[in-house]
Amino acid sequence: MRNSLQGKVVAITGASSGIGEATARLLARSGAFVVLGARRMDRLSAIVADIQREGGQAISFELDVQQQGQVQAFVDGAVKEFGHLDVLVNNAGVMLVAPLSDLKTDQWDRMIDVNIKGVLYGIAAALPVMQAQGSGHVINVSSVAGHKVGLGFAVYCGTKFAVRAISEGFRQEAGPNIRSTIISPGAVATELPTHISAGPSKDAVDAMYATAEISADAVARAIQYAISQTPDVDVNEIVIRPTAQEF
Ligand SMILES: NC(=O)c1ccc[n+]([C@@H]2O[C@H](COP(=O)([O-])OP(=O)(O)OC[C@H]3O[C@@H](n4cnc5c(N)ncnc54)[C@H](OP(=O)(O)O)[C@@H]3O)[C@@H](O)[C@H]2O)c1
């Protein structure tokens, strides 16, 4: 049976670490042509070299998803290199957790710009391509924080609720040939919590991750599952978290 991922062109934002990196590596091993985007080019170059050494096909682009022009160039670059775009994984994200009363408005701006506007810029770049092709799949990485609000998580949760709302709207509008998947992970062992400023919020998050976390590979396998369905099957959301996670 033909591998359903063989030759699929999959562009992944935030592919320099964590879930994005694991997804790029797993999909490339399954025969997909992967296009990696992030700001840390040294990391991307090393991952691309690993994939190519294993016989996979991968290219990378420097990408700040806060810049619409760069997201457009990322998608255009994928299409130019491989001729089409089957899947866009809007994965890039930041989690800068703090109580609202800390008034870290710069961090609020960054979460809104990366987690929400980055996803919208991805849709803006990919949707016309997918409509012209008559096929495509947009996968947006939300979170269990897109389902439930935790103390100190107000803005991060707001961005992840927004990702789920935008994804559902996209699903309804994109028509019968374009698929839409929300991936909502719980605690995953990545660099994500390391960017939180020191303080009680960071201590609480570190304690939560110390209790239970799953590997980024587990989330990559969920993404692979959604992509590998036949074109008539649209897996709309996968919530995936440690068995022991309460929240
Ligand atoms: N880990 C968890 O527990 C968890 C749970 C639920 C949801 N998620 C979501 O999963 C996604 C991936 O996070 P992760 O856990 O894998 O964390 P991670 O290891 O910190 O990865 C985040 C990725 O996003 C990229 N990124 C950050 N800002 C960017 C920007 N402005 N432009 C382009 N790329 C940017 C980073 O690359 P550069 O710094 O090189 O740009 C990195 O590749 C996020 O959307 C996160 O909210 C994670």
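Residues numbered from 1 in each chain as written. Predicted model: local features only at pLDDT ≥ 70, side-chain atom pairs only at ≥ 80, totals over all residues. Heavy atoms only, no water.

The test is simple: UniProt positions are given in the numbering used here, feature names are shortened, and annotations may be inferred rather than shown by experiment.
Naming follows an unreviewed UniProt entry, where the protein chain appears as Oxidoreductase of Acetobacter malorum DSM 14337. In its Sequence similarities (unreviewed entry) section, UniProt records this for the protein chain: "Belongs to the short-chain dehydrogenases/reductases (SDR) family."

## Quick word on the pattern of salt bridges
The criterion, for reference: Note on definitions: salt bridges are taken to be side-chain nitrogens of Lys or Arg within 4 Å of carboxyl oxygens of Asp or Glu. Each helix is a run of H or I in the DSSP string that is no shorter than four residues. Each strand is a run of E no shorter than two, and both are numbered from the N terminus. Partly exposed residues are those whose accessible area sits between 20% and 50% of the maximum for their type, while under 20% is buried and over 50% is exposed, using a 1.4 Å probe and protein chains only.
Applying the stated rule across the entire model yields nine salt bridges. Linking Arg25 and Asp50 is a salt bridge whose minimum nitrogen-to-oxygen distance equals 3.1 Å. Here Arg25, found in helix α1 (residues 18-29), pairs with Asp50, found in helix α2 (residues 41-53); they are 25 residues apart in sequence, far enough to count as distant. Its relative accessible area of 24% is what places Asp50 among the partly exposed residues. A salt bridge links Arg40 to Glu191, with the shortest nitrogen-to-oxygen separation between them at 3.0 Å. Here Glu191 lies in the loop between β6 (178-185) and α6 (200-211) and Arg40 lies in the loop between β2 (33-38) and α2, a separation of 151 residues in the sequence. Residue classification places Arg40 among the partly exposed positions, given a relative accessible area of 32%. Look at the salt bridges and you will find they share partners, linking Glu21, Arg25, Asp50 and Arg53 into a network.

## Quick notes on the sheet that holds strand β5 (residues 136-141)
Heads up, the condition is: For two strands to count as paired, DSSP must find a minimum of two bridges between them. In this analysis an axis means a line fitted to C-alpha atoms, helices contributing only their contacting stretch, and an angle means the value between N-to-C directions, from 0 to 180 degrees. Residue contacts follow a heavy-atom distance rule, with two residues in contact if any of their heavy atoms lie within 4.5 Å.
One open sheet accounts for seven strands, arranged β3-β2-β1-β4-β5-β6-β7; its pairing is parallel. Each edge of the sheet is formed by a strand with only one pairing partner; in this case those strands are β3 (57-62) and β7 (237-240). Strand after strand, the sheet turns through a mean of 15° between neighbouring axes, direction not considered. In this fold helix α5 (residues 154-173) packs onto β5, β6 and β7, with an angle of close to 160° to the strand it touches most, β6.

## Considering the UniProt feature "domain: Ketoreductase" (unreviewed entry) in the protein chain
Per the UniProt record, the feature "domain: Ketoreductase" (unreviewed entry) sits at residues 8-191. Structurally, residues 8-191 is divided into 48% helix and 19% strand, and its ends, taken at the C-alpha atoms, are 28 Å apart.

## Details of the site of the ligand
Here is the rule we go by: Whether a residue is near a molecule or strand depends on its heavy atoms: if one lies within 4 Å, it is near. We define a polar contact as two N or O atoms separated by no more than 3.5 Å, with the added condition that, inside protein, one atom must be a possible hydrogen donor and the other a possible acceptor, whereas residues neighbouring each other in sequence contribute only through side-chain atom pairs. Under the convention used here, a 1.4 Å probe and the Shrake-Rupley method define accessible areas, while residue burial counts only the protein chains that appear. Residue polarity is assigned by list, with Asp, Glu, Lys and Arg as charged and Ala, Val, Leu, Ile, Met, Phe, Trp, Tyr, Cys and Pro as nonpolar; anything else, Gly included, falls into the polar class.
Taken together, the neighbourhood of the ligand is formed by 31 residues, with Ile19, Arg39, Tyr156, Thr190 and Tyr209 sitting nearest. The separation between an oxygen atom of the ligand and a polar main-chain atom of Gly186 is 3.2 Å. One of the backbone N or O atoms of Val188 is found 2.8 Å from an oxygen atom in the ligand. Computed on the free molecule, the ligand has an accessible area of 880 Å², of which 97% lies beneath the protein chains in the complex. Contributions of two or more residues to the shell around the ligand are made by α1 and α5. For the shell around the ligand, a count of residues per class yields 15 nonpolar, eleven polar and five charged.

## A look at the nonpolar core
Here is a general trend for soluble globular proteins: nonpolar side chains tend to be buried in one another's company. Test applied: Grouping buried Ala, Val, Leu, Ile, Met, Phe, Trp, Tyr and Cys residues that are joined through side-chain atoms within 4.5 Å yields what is termed a nonpolar core.
Among the nonpolar cores identified, the biggest contains 41 residues, and Val35, Phe74, Leu85, Leu88, Met95, Met130 and Phe153 are the most heavily contacted of them. Every element with two or more residues in this core is listed here: β1 (9-13), α3 (68-82), α4 (105-133), α5 and α6. Looking at this core element by element, the count peaks at nine residues for α4. Not counting chain neighbours up to four residues away, the residues in contact with Val35 comprise Val9, Val10, Ala11, Ile12, Ile59, Phe61, Phe74, Ala78 and Phe82.

## Observations regarding the confidence of the model for the protein chain
Put simply, the rule reads: Scored from 0 to 100, pLDDT reflects the predictor's confidence in each residue.
On average, residues of the protein chain carry a pLDDT of 96, and 99% of them reach 70 or more. Model confidence for the protein chain, summarised as mean pLDDT per element, is weakest for α6 at 92 and strongest for β1 at 99.

## As for the packing of aromatic side chains
Each pair of aromatic rings is reported with the distance of its centres and the angle of its planes. What counts here: Pairs were defined over the aromatic rings of Phe, Tyr and Trp, the Trp ring being its six-membered one, requiring ring centres within 6.5 Å. Orientation was assigned from the angle between planes: stacked under 30 degrees, edge-to-face over 60, tilted for the rest.
Going through the model one piece at a time under the given rule, you end up with three aromatic pairs. Seen from their ring centres, Phe61 and Phe74 are 6.2 Å apart, and the 85° between their planes marks the pair as edge-to-face. In this pair, Phe61 sits in strand β3 while Phe74 sits in helix α3, placing the two residues 13 residues apart along the sequence. The exposure class assigned to Phe74 is buried, which follows from its relative accessible area of 2%.

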